[in-house]
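Chain by chain, the residues:
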Amino acid sequence: MAVTHTPAAAPPLPAHPDPQLDAILSSGLPHELSYAFDGPFHLLLPDRFDANVASFTQVLNEAGVEGRVYYAKKANKAAAWMDCCALSGTGVDVASAGELRDALSHGVRGEHVVVTGPAKTDGLLRVAVLQGCLIAVDALDELERILAQARAATRPARILLRRLPAAQPHSRFGLDDTELEAALARCAQAQDAVVMEGFSFHLSGYDPLLRAELAGELVELCLKARALGLQADRISIGGGFAVDYTDAEHWERFLREQRPEHYHAGKSFNPGDFYPYHSPVAGPDALRTILTTDGLAGRLREAGVKLLLEPGRALLDRAGCTVFRVQGVKDRSGYGIVTVDGSSLSLSEQWFNSEYLPDPVLLPAHEPQGEPYAACVGGATCLESDMVTWRKVRFPTRPAVGDLLVYPNTAGYQMDSNESPFHDLPLPPKVVLDTAGGTTHWRLDRHPLA
Ligand SMILES: *Cc1c(COP(=O)(O)O)cnc(C)c1O
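Residues numbered from 1 in each chain as written. Predicted model: local features only at pLDDT ≥ 70, side-chain atom pairs only at ≥ 80, totals over all residues. Heavy atoms only, no water.

(A) Highlighting the overall build of the chain. Helix and strand counts for the chain stand at 12 helices and 17 strands. A compact globule built from 450 residues should have a C-alpha radius of gyration of about 22 Å, and the chain, at 24 Å, falls within 12% of that. Projected onto its principal axes, the C-alpha coordinates of the chain cover approximately 80 × 50 × 40 Å. Looking at the chain residue by residue over its 450 residues, the buried ones come to 54%. Partitioning the intrachain contacts of the chain with sequence separation of at least 6 by distance along the chain shows that 73% fall at a separation of at least 24. When the accessible surface of the chain is totalled, it reaches about 19000 Å², and 53% of it is carbon and sulfur. Each charge sign in the chain was given a centre, from 41 positive and 56 negative side chains, and these centres are 3 Å apart. (Helix = DSSP H or I, 4+ residues; strand = E, 2+ residues; numbered from the N terminus. Rg over C-alpha atoms; globule rule 2.2 N^0.38 Å. Buried < 20%, exposed > 50% of the residue type's maximum accessible area, 1.4 Å probe, protein only. Contact = heavy atoms within 4.5 Å. Areas by Shrake-Rupley, 256 points an atom, 1.4 Å probe, with all protein chains shown as cover. Lys, Arg positive; Asp, Glu negative; His and termini not counted. Charge placed at Lys NZ, Arg CZ, Asp CG, Glu CD.)

What follows is the structure, encoded as structure tokens:
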């Protein structure tokens, strides 16, 4: 039946080309792994993570600014990144006792860990103090509990005071002006129990200028804190370094043309809820922009203030992808429904009233033939809303049972932030691809017997 499916398809949104990964994907390895695991899986590329860390560090070096990169661990739970951090001396940003344990157990030094998150438990604070971690204080009552833990442990707590950004006054995180004032006084008074190392913030969104502005304000706060006898020699500007998934042309066309008929069931998304999949200034370039805005680099140097940053997503850029196997295909009028062997809980953007937009790539099991074909992608569950991809993606040919669908660049937040063994479907294993020396070896991220 020669139905022309193409007109219903959403405008294409291909991820940036990645020839090295393409070579691995076309090697037959993904089909072999799909057979072995009998379910979806994630591929991880730790070499990319290392390269991303190195690019951020290089921007600091070029600007002559002292600082440290902390990987924001919530963006992906894999052990591989902890090994990378331990081996390169990269810091880790944790927000729970479990995350702290994982970082320490992989050999990340306590002093290279920053503990963020609201109302941290006493257990987490105690271990953080004993391990010499840097603790970002989110509230005055938390500061009191930190001081109590430091006294009990007879070790001073290393802290930053987290600033409630004036630009985001409704944020539930950080200390406002009055609270900061009180916290500074409390630190000055509790000198033996605390080393007040500086200030921090984390902004929503990806605007480098807002970050530069707030960083400048924190440098001034450091000078003010020093007048009280506090150390105040570093600031953390948090994360939010954008990732550029696709080019400007495709992104602008997508935003311009996408409409409900491009989605299964006429679903519509608020374009404002989409992640900005194209960013002209992204990753380390965003850090460069921050440092050059209003001479921030010079102000940091002059004031002797170190710059800490906590990128999550940006360190995982191009460091992984997600592979599903096609389990069934059925035709609807003008498009098809592809059902894959997992659920949307393994591709998390759906859970934010949005969807992951870089197009999945079809890896056919056999020589592809036939016409282009538009299809959405559903999970192998009994929920109407469990769609891995609501939009009708234009595939080069009609997917067939046994083909693989590869979602590109999913390491940042997409892999595991919402994963669940719903329906007794197994959690997708993470497979690490070691690509040193030009050959590719695979291994499990966490060995089942370890
Ligand atoms: C989530 C978070 C980050 C990382 O944000 P990205 O957008 O992934 O870079 C950094 N710092 C804090 C405090 C966070 O909550």
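(B) Examining the pattern of salt bridges more closely. Overall, the coordinates contain 28 salt bridges when judged by the stated rule. The partner of Lys73 in a salt bridge is Asp102, and the shortest N-O contact between them spans 2.9 Å. Of the two residues, Lys73 is situated in the loop between strand S2 (67–72) and helix H4 (79–88) and Asp102 in helix H5 (residues 97–105); the sequence distance between them amounts to 29 residues. In terms of burial, Lys73 and Asp102 fall into one category: buried. In this structure, Arg163 engages Glu217 in a salt bridge whose closest nitrogen and oxygen atoms are separated by 3.0 Å. Of this pair, Arg163 sits in the loop between strand S6 (157–162) and helix H8 (177–189) while Glu217 sits in helix H9 (residues 208–226), and the two are 54 residues apart along the sequence. Given a relative accessible area of 31%, Glu217 falls into the partly exposed group. (Salt bridge = Lys/Arg side-chain N within 4 Å of Asp/Glu carboxyl O.)

(C) Looking closely at the sheet that holds S6. Around the barrel, which closes on itself, the eight strands sit in the order S2-S3-S4-S5-S6-S7-S8-S9 with parallel pairing between neighbours. Between one strand axis and the next, the sheet turns through 30° on average, direction left out of account. With three bridges joining them, S2 and strand S9 (residues 306–309) adopt parallel strand pairing. Bridging from a neighbouring strand, Gly67 pairs with Leu307 of S9. In the packing of helix H3 (residues 46–62) onto the sheet, the strands contacted are S2 and S9, and the crossing angle to S2 comes to about 150°. (Pairing = 2+ DSSP bridges. Axes fitted to C-alpha atoms, helices over the stretch in contact; angles between N-to-C directions.)

(D) How the structure looks around the layout of surface pockets. The computed volume of the largest pocket comes to approximately 1400 Å³. If you trace the largest pocket, you find 50 residues lining it, with Lys74, His202, Arg313, Phe352 and Tyr413 closest to the centre. Secondary structure elements with two or more residues in the lining of the largest pocket: strand S3 (91–94) and H5. Its residues placed into classes, the lining of the largest pocket shows 20 nonpolar, 14 polar and 16 charged. Taken as a whole, the second largest pocket spans an internal volume of roughly 400 Å³. Along the wall of the second largest pocket there are 21 residues; nearest its centre are Ala15, His16, Pro17, Asp18 and Pro408. It is helix H1 (residues 19–25) that provides the largest number of residues to the lining of the second largest pocket, a total of three residues. (1 Å grid on protein atoms, 1.4 Å probe; cavity = no way out; pocket = protein on both sides within 12 Å on 5 of 7 lines; lining within 4 Å. Points joined across faces, edges and corners; volume = space filled by probe spheres on them. Nonpolar A, V, L, I, M, F, W, Y, C, P; charged D, E, K, R; others polar.)

(E) Spatial organisation of the site of the ligand. Neighbouring residues of the ligand: 13 residues in total, closest Lys74, Gly240, Glu310, Arg313 and Tyr413. Between the ligand and Lys74 there is a distance of 2.9 Å, counted from an oxygen atom to a side-chain nitrogen or oxygen. Notes on the ligand: free accessible area 390 Å², of which the protein chains cover 88%. Its atoms largely coinciding with the cavity grid, the ligand occupies the largest pocket. (Near = heavy atom within 4 Å. Polar contact = N/O pair within 3.5 Å; in protein donor to acceptor, adjacent residues only side chain to side chain. Sits in = over half its atoms within 2 Å of the grid points.)

(F) Region of interest: the pairing of strand S14 (residues 387–395). For S14, the buried fraction is high: eight of the nine residues fall into the buried class. Examined bridge by bridge, strand S13 (residues 373–378) and S14 share five bridges and lie antiparallel to one another. Counted as the bridge partner of Ala374 is Arg394 from S14.

(G) Representation of empty space enclosed by the protein within the structure. Scanning all chains against the criterion turns up one cavity of 30 Å³ or more. There is about 50 Å³ of room inside the largest cavity. In terms of lining residues, the largest cavity is bounded by Pro40, Gly342, Ser343, Ser346, Ser420, Phe422, Leu425, Pro426 and Pro428.

(H) Up close: the side chain of His264. In this structure, His264 sits in the loop between helix H10 (248–257) and helix H11 (283–292). Beyond its immediate sequence surroundings of up to four residues, His264 is in contact with Tyr335, Ile337, Cys376, Met387, Trp390 and Lys392.

(I) The arrangement of the side chain of Gln258 in detail. Counting through the fold element by element, Gln258 comes out in the loop between H10 and H11. For Gln258, the side chain forms a polar contact with the side chain of Tyr263, separated by 2.7 Å.

(J) The nonpolar core, seen in detail. Residues Trp81 and Ile159 are the most contacted members of the largest nonpolar core, which totals 118 residues. Residue contributions to this core peak at eight residues, all from H9. A domain-level breakdown of this core finds at least three residues from each of domain 1 (19–45 + 318–444) and domain 2 (46–244 + 279–316). Counting 15 residues, the second-largest nonpolar core is a separate cluster that includes Phe41, Val323, Leu363 and Val406. (Core = buried A, V, L, I, M, F, W, Y, C linked by side-chain atoms within 4.5 Å. Domains from an automatic or database assignment.)

Shape is all these values report; function is a separate question.
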